[in-house]
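# Overview (structure and organization)
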Amino acid sequence: MKAVIFDLDGVLCTTDKYHYYAWKNIADGLGIYFDEEINNRLRGVSRMESLNIILECGKLEVSEEEKLELAKRKNKIYRRLLENLTPRDISEGAVETIDKLRAAGLKLAVGSSSKNTPFILERLGLANYFDAISDGNNISRSKPYPEVFLKAAQMLGLESGECLVVEDALSGVVAAHEAGMLCACVGDAAKAGAGDYNMRSISELLDIVLKRGE
Ligand code: B16
Ligand code: MG
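Residues numbered from 1 in each chain as written. Chains lettered and ligands numbered in written order. Predicted model: local features only at pLDDT ≥ 70, side-chain atom pairs only at ≥ 80, totals over all residues. Heavy atoms only, no water.

### Some remarks on the overall build of the protein chain
Test applied: In DSSP terms, a helix is any run of H or I states spanning at least four residues, a strand is any run of E spanning at least two, and both are numbered starting from the N terminus. Using C-alpha atoms as the atom set, the radius of gyration is obtained and then compared with a globule rule of 2.2 Å times the number of residues to the power 0.38. When checking whether two residues touch, look at their non-hydrogen atoms; a contact exists if any pair is within 4.5 Å. Areas reported here follow the Shrake-Rupley algorithm with a probe of radius 1.4 Å; residue values treat only the protein chains shown as occluding. Here the positive residues are Lys and Arg and the negative ones are Asp and Glu; neither His nor the chain ends is included. Think of each charge as sitting on NZ of Lys, CZ of Arg, CG of Asp or CD of Glu.
The secondary structure content of the protein chain amounts to 10 helices and six strands. A compact globule built from 214 residues would reach a C-alpha radius of gyration of about 17 Å, and the protein chain, at 17 Å, matches this within 12%. For the C-alpha atoms alone, the extent of the protein chain along its principal axes is close to 55 × 35 × 30 Å. Intrachain contacts of the protein chain at a sequence separation of at least 6 include 60% that bridge at least 24 residues. Surface accessibility of the protein chain: about 10,500 Å² in total, with carbon and sulfur atoms responsible for 48%. For the protein chain, the separation between the mean place of its 27 positive charges and that of its 33 negative charges on side chains is 3 Å.

Quick look at the structure:
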């Protein structure tokens with residue numbers, strides 16, 4: 001293992017609660033029922049695909065123009081919430097884990113579907129922490145497609161088999177496997193037992209990565 005590619009939302013930080021709040025606001029406005037379980041289906045998938053899932057849940061058809069407007073409104077609410085982010089919102093143990101992985105000689109990357117990745121990393125004080133950042137701005141198809149992780153490996157100059165992905169979303173696990181990478185999970189995906197490794201906390205990564213290298 002030569003590199004670890006971290007998902008952002010739900011792994012490095014808990015912005016997932018802001019996505020939930022913003023989508024709930026949109027769903028409520030449309031009279032569509034929305035809860036945590038539906039929200040879990042939005043993890044890792046793009047903004048537009050998330051909206052399509054919500055509309056499908058409400059069996060509601062709207063024009064492409066209205067979809068763009070709804071997605072724009074959701075992002076406005078989400079961005080306003082992101083203004084409150086500080087380094088305190090980094091997931092527990094993440095910085096220590098990243099530092100130890102780097103000290104052990106691993107390359108580190110971000111692999112996120114979010115177009116807000118640069119802004120979030122900036123707010124968290126993590127903008128200069130990674131060797132590569134692959135996000136919603138440089139891909140044409142979001143998770144479960146493997147593109148975001150393949151691009152991250154390419155940026156690092158490594159083969160897929162040399163990279164381990166860290167994910168909280170089922171869509172992200174599928175993307176990692178499609179990319180030919182092993183996947184260590186936290187959160188929702190770990191609870192579902194979807195990963196090659198299912199962790200209670202991100203710090204368990206040290207055992208996984210360093211032991212594999214022995
Ligand atoms: P944005 P990740 C994903 O981030 C989120 O999990 C998903 O809920 C969101 O729809 C997607 O980013 C796009 O985000 O609207 O900010 O472009 O988990 O891949 O880091
Ligand atoms: Mg995620």
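### Observations concerning the site of ligand 1
The following threshold applies: The cutoff for a nearby residue is simple: one of its non-hydrogen atoms must lie within 4 Å of the molecule or strand. Side-chain atoms alone can form a polar contact between residues adjacent in sequence; in general such a contact is a pair of N or O atoms within 3.5 Å, and within protein one must be able to donate a hydrogen while the other accepts it.
In the vicinity of ligand 1 there are 18 residues, among which Asp9, Val45, Ser112, Ser114 and Asn116 approach most closely. One nitrogen or oxygen atom from the main chain of Leu42 is found 3.1 Å from an oxygen atom belonging to ligand 1. One of the backbone N or O atoms of Lys115 is found 2.7 Å from an oxygen atom in ligand 1. The fraction of the free accessible surface of ligand 1 (470 Å²) that becomes covered by protein chains is 99%.

### Side note on the pattern of salt bridges
What counts is decided by this rule: Take a side-chain nitrogen of Lys or Arg and a carboxyl oxygen of Asp or Glu: if they are within 4 Å of each other, that pair is a salt bridge. Whether a residue is buried, partly exposed or exposed follows from its accessible area with a 1.4 Å probe, protein chains only, as a fraction of its type maximum: under 20%, in between, or over 50%, in that order.
Applying the stated criterion across every chain yields a total of 10 salt bridges. Note that Glu162 is salt-bridged to Lys2, the shortest N-O span being 3.1 Å. Remark: Lys2 occurs in the segment before β1 (3-6) and Glu162 occurs in the loop between α7 (147-156) and β4 (163-167); sequence separation between them is 160 residues. The closest approach of N and O atoms between Arg43 and Asp168, which form a salt bridge, is 2.9 Å. Here Arg43, found in the loop between α2 (36-42) and α3 (47-57), pairs with Asp168, found in the loop between β4 and α8 (170-178); they are 125 residues apart in sequence, far enough to count as distant. Given a relative accessible area of 2%, Asp168 falls into the buried group.

### Here we look at the packing of aromatic side chains
Two aromatic rings, taken as a pair, are described by how far apart their centres are and by the angle between their planes. We count it as follows: Working definition: rings of Phe, Tyr and Trp (its six-membered ring) pair if their centres are within 6.5 Å, and the pair is stacked with planes under 30 degrees apart, edge-to-face with planes over 60 apart, and tilted otherwise. For a lysine, the NZ atom is tested; for an arginine, the CZ atom; a charge sits over a ring if that atom is within 6 Å of the ring centre and within 35 degrees of the ring normal.
Tallying each qualifying case throughout the model produces three aromatic pairs. Through a chain of ring-to-ring contacts, the aromatic side chains of Phe6, Tyr129 and Phe130 assemble into a single cluster. Looking at Arg79, its charged tip hangs above the ring of Phe119, at a distance of 4.0 Å from the centre.

### Some words on the layout of surface pockets
Under the convention used in this document: Put plainly, a pocket is an open set of points on a 1 Å grid over the protein atoms alone with protein on both sides within 12 Å along at least five of seven lines, a cavity is a set where a 1.4 Å probe fits but cannot get out, and a lining residue has an atom within 4 Å of a point. Grid points are joined across faces, edges and corners, and a volume is the space filled by probe spheres set on the points. Following the grouping adopted for this structure description, the nonpolar residues are Ala, Val, Leu, Ile, Met, Phe, Trp, Tyr, Cys and Pro, the charged ones are Asp, Glu, Lys and Arg, and the polar ones are all others, Gly among them.
Taken as a whole, the largest pocket spans an internal volume of roughly 530 Å³. Along its surface, the largest pocket is lined by 32 residues, and Val45, Ser46, Arg47, Ser113 and Ser114 are the ones closest to its centre. Counting only elements with at least two residues in the lining of the largest pocket, the list comes to α1 (16-30), α2, α3 and α4 (64-82). Here the element with the most residues in the lining of the largest pocket is α4; it accounts for five residues. Across the lining of the largest pocket, the residue classes break down as seven nonpolar, 13 polar and 12 charged. In this structure, the second largest pocket occupies an estimated 330 Å³ of space. Lining of the second largest pocket is provided by 17 residues; of these, Gly10, Thr14, Val186, Gly187 and Asp188 occupy positions nearest its centre. For the lining of the second largest pocket, the element with the highest residue contribution is helix α9 (residues 187-191), accounting for three residues. Classifying every residue of the lining of the second largest pocket by side-chain character gives four nonpolar, six polar and seven charged.

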